[in-house]
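Residues per chain, in single letters:
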Amino acid sequence: MDLSKIGGLLAQVAPTVATALGGPLAGLAVKTLSEAMFGHQDANESEVSAALMSATPEQLQKLKETDATFKLKMKELDIDLEKIAAGDRDSARSMQMHTNDWIPRAMAIMVTFGFFGILAWLLIKGVPPSGSETLIYMLGALGTAWTGIVQFYFGSSAGSKAKTDAMTQGEKK
């Protein structure tokens, strides 16, 4: 599934399902989205993507409810999506430390300049009369990528919360 098209929307409306889409539970997440959008689990990834891009407010509300149900199901199955995502980031960081590859740094720099460049251009020049959908789409994709880069290099807010919780527990003892 092309998360660059729907990632931002899905992260806001159904963050648990969005997290699952980026990991080993992607198939289950697509079936869950299919059920929410079409009432059955047989839709393919492109059908689900298309439906999400043209979702009505009622469908978005249903997605929020579906996300809550999905989160409970993951908890019942003792699946911690954040732990899986953190393990994935840790593996990528470890690989980067051992290979010292320049490509991730170069990509991070390009995405950062692209994201803030387009953002500055939009703020200075405004939205162009033609091609605005493409520009906004590109800004959303770069924003999603930039969020991943920040999480890779500086950690996620969930990781920060876990550290804060651990420090708070240590102070209580």
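The structure this text deals with has already been given above.
A. Examining the packing of aromatic side chains more closely. Under the definition given, this model contains 3 aromatic pairs. Plain terms: the ring middles of F115 and W146 are 5.9 Å apart, the flat faces sit at 20 degrees to each other, and that makes the pair stacked. Taken together, the positions of F115 in helix α7 (residues 103-125) and W146 in helix α8 (residues 132-154) put the pair 31 residues apart, joining distant regions of the chain. A residue is classified by how much of its surface remains accessible, and W146, at 27% relative accessible area, is partly exposed. Considering the side-chain rings of F116 and W146, the 5.1 Å spacing of their centres and the 90 degrees angle between planes classify their relative orientation as edge-to-face. With F116 in helix α7 and W146 in helix α8, the pair connects residues that are 30 residues apart, well separated along the chain. Of the aromatic side chains, those joined through ring pairs into one cluster are F115, F116 and W146.

B. Looking closely at the packing of helix α3 (residues 26-38) against helix α4 (residues 45-53). Between α3 and α4, the shortest axis-to-axis distance is 10 Å and the interhelical angle comes to 50 degrees. Overall, the two elements α3 and α4 adopt an arrangement that is oblique. Judged by the twist between their axes, the crossing of α3 over α4 is left-handed. Counted together, V30, L33, S34, M37 and F38 of α3 and E45, E47, V48, A51 and L52 of α4 form the full contact between these two elements.

How each quantity is defined
- Residues numbered from 1 in each chain as written.
- Predicted model: local features only at pLDDT ≥ 70, side-chain atom pairs only at ≥ 80, totals over all residues.
- Heavy atoms only, no water.
- Phe/Tyr/Trp six-rings, centres within 6.5 Å; stacked < 30°, edge-to-face > 60°.
- Helix = DSSP H or I, 4+ residues; strand = E, 2+ residues; numbered from the N terminus.
- Buried < 20%, exposed > 50% of the residue type's maximum accessible area, 1.4 Å probe, protein only.
- Axes fitted to C-alpha atoms, helices over the stretch in contact; angles between N-to-C directions.
- Parallel < 35°, antiparallel > 145°, perpendicular 65-115°, else oblique.
- Left-handed = near helix turned anticlockwise from the far one by under 90°.
- Contact = heavy atoms within 4.5 Å.

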